[in-house]
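Secondary and tertiary structure notes
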Amino acid sequence: MTAARDPQDLPALLLHNLDPQWSADDLRVAQRDVELLAEGLRARGHEVETVAVTTADLAAALAPYRPQEWVVFNWCEDLPGQRYGDVTVAAFLESAGFTFTGASSRALALAWDKPRVKQRLERAEVATPAWHLVNGETASWRRFPAIVKPANEHCSVGLTREAVVLNPRELRQRVAWVVETLHQPALVEDFIDGPEYHVSLWGNGHLAALPAAEMDFSACRHVRERLCTWDAKFSPGSPDFEQIQVRLPAPLDPHRSAQLVATAMAAYACLPCRDIARIDIRERDGVFYVLDVNPNPDLSPDTSTVLAAELAGLSYGALGSRLLALAAERRPLPTTPLPARR
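Here the structure is a predicted model, which means the values were calculated and not measured.

1. Overview of the packing of helix α1 (residues 24-43) against helix α11 (residues 316-328)
It is the contact of α1 with α11, at a shortest axis distance of 7 Å, that shows an interaxial angle of 75°. On the basis of their axis angle, the class for α1 and α11 is roughly perpendicular. Contact residues: Asp33, Leu36, Leu37, Gly40 and Leu41 in α1; Tyr316, Gly317, Gly320, Ser321 and Leu324 in α11. In terms of residue class, the contact of α1 with α11 is made up of five nonpolar, four polar and one charged.

This is the structure in structure tokens:
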């Protein structure tokens, strides 16, 4: 790997989204998190400007900045009113010539297509739960419990306790709900009722793993509860949020830990990911099954990725600085000196 650039050489644009439709509390929390990361990066020696994206007009938001002078920390997960907003952002940055952290537009687009990700995992002989893509007909499915997911979503959209189905009748009902409510095919999977781990990896070529986190389902008595639903991630105070605890580091012996990390690294290469990703994995009968590959994982201060970095001795700013350095290795060197910024 190329040596990391000196932080003083990496002025950073911290690009993030603020949707005017969010609640006042959500806006306040998002702005607080952005300032925390910006302060952390400045403490590491970076010049930082924050750029809030509040509309789909990325050209206007970035017009004051010359691509040759900045590395973009891409924390823009969405665009107001647009589906696949993260893909649009990365594609714009690519077309405008910006160097930016995280996944390419191609990898982000692929991550939305869960069946294609499953196919890639299978071709690479990476274990993933048995699956079937359906628009309505479910007669060929015989494994229960099963989980029914929308085929083209992120962030546990469409995942509630009812997504875990125990018989053909429930399966038909849930598939119909996905197709009719979310207007897309349903991905039916074998439900791996075992420990769930989140493994955050960073790097390009040479990968490093942060300490794995376990989603602790020990307080969840029913199989339907042992699931990281939308509420478990985003609704503090909800039963799902309160029942599921994060154990860091995951209580694994060295052999199982090595197996888990090897599985995660193989999945990282399948997309392919870049700079950083989080791989969600479950274990059953000694086999680690990849559930999901998350390029550009959420880097809010309370997420498993950031908490794992802290456990590994990386402050918030240090993690962000390393991602900027990884991105900067892709930045073309200027052929002529750049004029000073005003």
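Further notes follow.
2. Things to note about the sheet that holds strand β4 (residues 99-100)
The parallel open sheet is built from four strands, whose spatial order is β2-β1-β3-β4. Because the sheet does not close on itself, it has two edges, and the strands there are β2 (48-53) and β4. By the bridge criterion, two bridges tie strand β3 (residues 71-75) to β4 in an arrangement that is parallel. From the neighbouring strand, Val72 faces β4, where its bridge partner is Phe100.

3. Observations concerning the packing of helix α3 (residues 85-96) against helix α4 (residues 105-112)
Across the interface, α3 lies against α4 with an axial gap of 8 Å and an inter-helix angle of 165°. Classified by the angle between their axes, α3 and α4 sit roughly antiparallel to one another. The interaxial crossing formed by α3 with α4 has left-handed handedness. Across the interface between the two elements, Asp86, Val87, Ala90, Ala91 and Glu94 from α3 touch Ser105, Leu108, Ala109 and Trp112 from α4. Its residues assigned to classes, the contact of α3 with α4 comprises six nonpolar, one polar and two charged.

4. Topic: the nonpolar core
The tendency in soluble globular proteins is for nonpolar side chains to be buried side by side. Leu14, Leu37, Phe73, Trp75, Leu299 and Leu324 are the most contacted members of the largest nonpolar core, which has 28 residues in total. Put simply, the parts of the chain that give this core at least two residues each are β1 (12-17), α1, β3, α10 (304-311) and α11. In terms of residue count, the dominant contributor to this core is α11 (nine residues). Sequence-distant contacts of Phe73, that is, excluding residues within four places in its chain, are made with Leu13, Leu14, Leu15, Leu37, Thr101, Leu299, Gly320, Leu323 and Leu324. If you look at the next biggest cluster of nonpolar residues, it comprises 25 residues, including Leu110, Ala111, Val126 and Ala250.

5. Overview of the pairing of strand β8 (residues 186-190)
One face of the sheet, then the other: side chains in a regular strand alternate in exactly this way. Buried residues dominate β8, accounting for five of its five residues. Burial along β8 is two-sided: Ala186, Val188 and Asp190 and Leu187 and Glu189, pointing in opposite directions, are all buried. Where strand β5 (residues 131-134) meets β8, four bridges bridge the pair, whose relative direction is antiparallel. Considered in β8, the bridge of Leu133 is made with Leu187. Pairing between strand β6 (residues 146-150) and β8: five bridges, direction antiparallel. Pairing of Ile147 across the sheet is with Glu189, part of β8.

6. Topic: the sheet that holds β8
What the four strands build is an open sheet, ordered β5-β8-β6-β7; its pairing is antiparallel. Two strands in the sheet have a free side with no partner beyond their single neighbour: β5 and β7 (164-165). Contacts between helix α5 (residues 114-123) and the sheet are confined to β5, β6 and β8, with β5 contributing the most and set at about 150° to the helix.

7. Quick look at the confidence of the model for the protein chain
Close reading of the predicted structure is inappropriate where its pLDDT is low. Residues at a pLDDT of 70 or more form 94% of the protein chain, whose mean pLDDT is 91. Taken element by element, the protein chain is modelled with least confidence in helix α7 (residues 230-234), mean pLDDT 71, and with most confidence in β4, mean pLDDT 98. Residue range residues 1-5 is modelled with pLDDT below 50. Its contacts to residues more than four positions away, or to other chains, number 14 contacts. Segment residues 335-339 is flagged for pLDDT under 50; beyond a separation of four residues in sequence, or across chains, it makes four contacts in the model.

8. Brief notes about empty space enclosed by the protein
One pass over the full model with this rule turns up two cavities of 30 Å³ or more. Approximately 60 Å³ is the volume attributed to the largest cavity. Broken down by secondary-structure element, the contributors of at least two residues to the lining of the largest cavity are α5, β8 and β14 (287-295). Residues that form the lining of the largest cavity fall into these classes: six nonpolar, no polar and four charged. Estimated volume of the second largest cavity: approximately 30 Å³. By residue number, the principal contributor to the lining of the second largest cavity is α11, which donates four residues. Among the residues forming the lining of the second largest cavity, the class breakdown is six nonpolar, one polar and no charged.

Calculation notes
- Residues numbered from 1 in each chain as written.
- Predicted model: local features only at pLDDT ≥ 70, side-chain atom pairs only at ≥ 80, totals over all residues.
- Heavy atoms only, no water.
- Axes fitted to C-alpha atoms, helices over the stretch in contact; angles between N-to-C directions.
- Helix = DSSP H or I, 4+ residues; strand = E, 2+ residues; numbered from the N terminus.
- Parallel < 35°, antiparallel > 145°, perpendicular 65-115°, else oblique.
- Contact = heavy atoms within 4.5 Å.
- Nonpolar A, V, L, I, M, F, W, Y, C, P; charged D, E, K, R; others polar.
- Pairing = 2+ DSSP bridges.
- Left-handed = near helix turned anticlockwise from the far one by under 90°.
- Core = buried A, V, L, I, M, F, W, Y, C linked by side-chain atoms within 4.5 Å.
- Buried < 20%, exposed > 50% of the residue type's maximum accessible area, 1.4 Å probe, protein only.
- pLDDT = per-residue confidence, 0-100.
- 1 Å grid on protein atoms, 1.4 Å probe; cavity = no way out; pocket = protein on both sides within 12 Å on 5 of 7 lines; lining within 4 Å.
- Points joined across faces, edges and corners; volume = space filled by probe spheres on them.

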